[in-house]
Amino acid sequence: MNFSSKLNQRITTLIAVVLMLMQTSCTEIFQESDLNQAPDQELNFEKVFTDYQQYRQFVDYAYRYMPGHLGRLWNSMVCELSDEAEGLGINTCSPVFNNGAWSGDPLPTGTPTGNANLELNEMWVSLFRGIRQVNMALGNIDKVTNFPGDDIKNRTMGELYFLRAYFYFELTKRWGGVPLFDKAVELGVDELDLPRSSYDDCVQFIVGDCDRASGFLPLVQPLSETGRATKGAALSLKSRVLLYAARPLNNPENNPQKWQQAAQAAWEVISLNQYSLDPDYVNLFFRPDLGTEIIMNRPRTKLNFEQGHTDNSNFLVRFIVPTGYQGWMGTAVTQNHVDLYESANGYPISHPSSGYNPNDPYKQRDPRLKMSVLYNDRFWYDRNTEFYVGGRDYGSSIINPLGYSIAKFWPEAHQRYKGTSTYLNYIFFRYAEILLNYAEATNEAYGPEGVVPGASKRARQAVNEVRQRVQHVDLPSDISNSKETMRERILNERAVELSFEEHRWYDVLSLNKGVELFGAANPVKGMKITKNAGNSFSYEVFIHENRVFHPHMHRYPIPNSEIYKSTKLEQNKGWE
């Protein structure tokens, strides 16, 4: 039994704790009346914070506040917010983002679009609840007298610092600077109405927590504790935090020191010599253990098609599986994303040296295209796919008008009504991301052939290592021989390697490229496929949708309900 399974078993015993914690959000902490609210059930805090078993349960529940479910928006995936995918049907919430209709006001609950609140105001509230729970646990850890040993106490301290850092990063990547709380506030003692700290101050706070966490946490957890934070997870979070901090949205002056710090942080993870790329890219997301590449995940028990949505199982039917395979396929891959996969010789398909043939568009491409995307006339399970107009997988205008679906999270052997089951892990950090973090930051700080002082890997080497795992060719030097051209290839590599894993949307925001990539300048495209006589096909790219993205949308609006309750909390510009 892994940590995730044990954590689920503990939920029932924590109902009283959870009910108490759900009374407040961040700025509700500013309200003295909320601090005086009693929990709905009797809770003996003296016992919770003195007995290890109850304290451990209290700490473990904080992991539940980590966003960790590809279908967490219920009827949409985060990739639908970006140019990777399009949400289909009548029950999606992603159009709220795609048409620019989001704001600081909550969307009507009980409606499909209301699920966008899960990424907006409810995410703000949830993350601050997690921070409050962590601060309560940190503030009371020395009261626990029966820890099994100092190693367990130290590990617990490390987990708590990691969790607080993670929650604050999730806040800053969406909203920028936020109020910082390093302890649970006390009525009549602490200032409750706090302004937002600067983004840089938040980064410094998060990095400090990551460093403290890495000092307490072990390199590996026992197999039964898979899912808990490790030293590598804390340093991976630090790498991601500093990379985001160095990017244009948060570093408009392009301070080279920020890039140097980000490169050094990624090298810290690499130099642990704890991780390597999994040779099986296809099955990376379904394995029952971490393998060599996964640094931290949310492990799943075995699941089948019929177990229900809340435990991430009918995710496959709802989002991934086309109608011809008895699924709903609510998420369609865009032509925009497919176009990012290079030709087999390493050149973008728009490059004159690529050899790309628009009449045979999937031939001789980056191997990850076939590993990640279902496209027309490729063999899958027991037949060739039929994404052409009138084909079994085309469905209807609201099922799959774009001509593609996701293969990445659907193992080919896993079929509805066939009695098969699979794992599906939500991966928080994996080694391929760290290599790409290193490549991006090192290129910006030292150039394509540069290395971090004391390191032994060039930016180019890190990118090629990721490509070699899937037997793709190295980056052609003539299109990656300057900082600017290498930058474009690295960002393309991130889009391909980390496809659909909830990176693209946030990457583009932090790169300050939303107007360019998510707005009218880059309309969402699909592929219209016509089956001809003789079983040949004609391919025609078409514009499916023009989306709306304005400059101020690179940061989320703070929920207006939080703004109204505070005298000091300021809304992000453009959302006032």
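Since the structure is predicted, the reported quantities are computational estimates derived from the model, not experimental observations.

Things to note about the overall build of the chain
And then number 1: For the chain, the helix and strand inventory stands at 20 helices and 10 strands.
And then number 2: A burial count over the chain gives 61% of its 576 residues as buried.
And then number 3: Element-wise, carbon and sulfur atoms account for 49% of the exposed surface of the chain, whose accessible area totals about 21900 Å².

Quick word on unusual backbone geometry
And then number 1: Phi at W74 takes a positive value of approximately 70°, unusual for a residue other than glycine.
And then number 2: When its relative accessible area of 36% is taken as the criterion, W74 is described as partly exposed.
And then number 3: One non-glycine residue, N512, lies in positive phi territory at about 60°.
And then number 4: In this structure, N512 sits in the loop between helix 18 (504-510) and helix 19 (514-518).
And then number 5: According to the relative accessible area criterion, N512 is partly exposed, its value standing at 41%.

Quick notes on the packing of aromatic side chains
And then number 1: Here the structure, examined in full by the defined rule, presents 36 aromatic pairs.
And then number 2: Between the aromatic rings of Y166 and F429, the centroid separation amounts to 6.2 Å while the plane-to-plane angle is 90°, which identifies the pairing as edge-to-face. Taken together, the residues Y166 in helix 8 (residues 150-175) and F429 in strand 8 (residues 426-430) connect sequence positions 263 residues apart.
And then number 3: When the ring of F537 is compared with that of Y539, the centres are 6.4 Å apart and the planes differ by 45°; the resulting orientation is tilted.
And then number 4: In this structure, R247 is placed above the aromatic ring of Y244, and the distance from its NZ or CZ to the ring centre is 5.1 Å.

With respect to the side chain of N376
And then number 1: Note on placement: N376 falls in the loop between strand 4 (373-374) and strand 5 (379-380).
And then number 2: Within the structure, N376 has its side chain in polar contact with the backbone nitrogen of F387 (distance 3.0 Å).
And then number 3: Residues within four places of N376 in sequence aside, it is in contact with Y362, T385, E386, F387, Y388, G403, I529, F537 and Y539.

What counts, and where the lines are drawn
- Residues numbered from 1 in each chain as written.
- Predicted model: local features only at pLDDT ≥ 70, side-chain atom pairs only at ≥ 80, totals over all residues.
- Heavy atoms only, no water.
- Helix = DSSP H or I, 4+ residues; strand = E, 2+ residues; numbered from the N terminus.
- Buried < 20%, exposed > 50% of the residue type's maximum accessible area, 1.4 Å probe, protein only.
- Areas by Shrake-Rupley, 256 points an atom, 1.4 Å probe, with all protein chains shown as cover.
- Phe/Tyr/Trp six-rings, centres within 6.5 Å; stacked < 30°, edge-to-face > 60°.
- Lys NZ or Arg CZ within 6 Å of the ring centre and 35° of its normal.
- Polar contact = N/O pair within 3.5 Å; in protein donor to acceptor, adjacent residues only side chain to side chain.
- Contact = heavy atoms within 4.5 Å.

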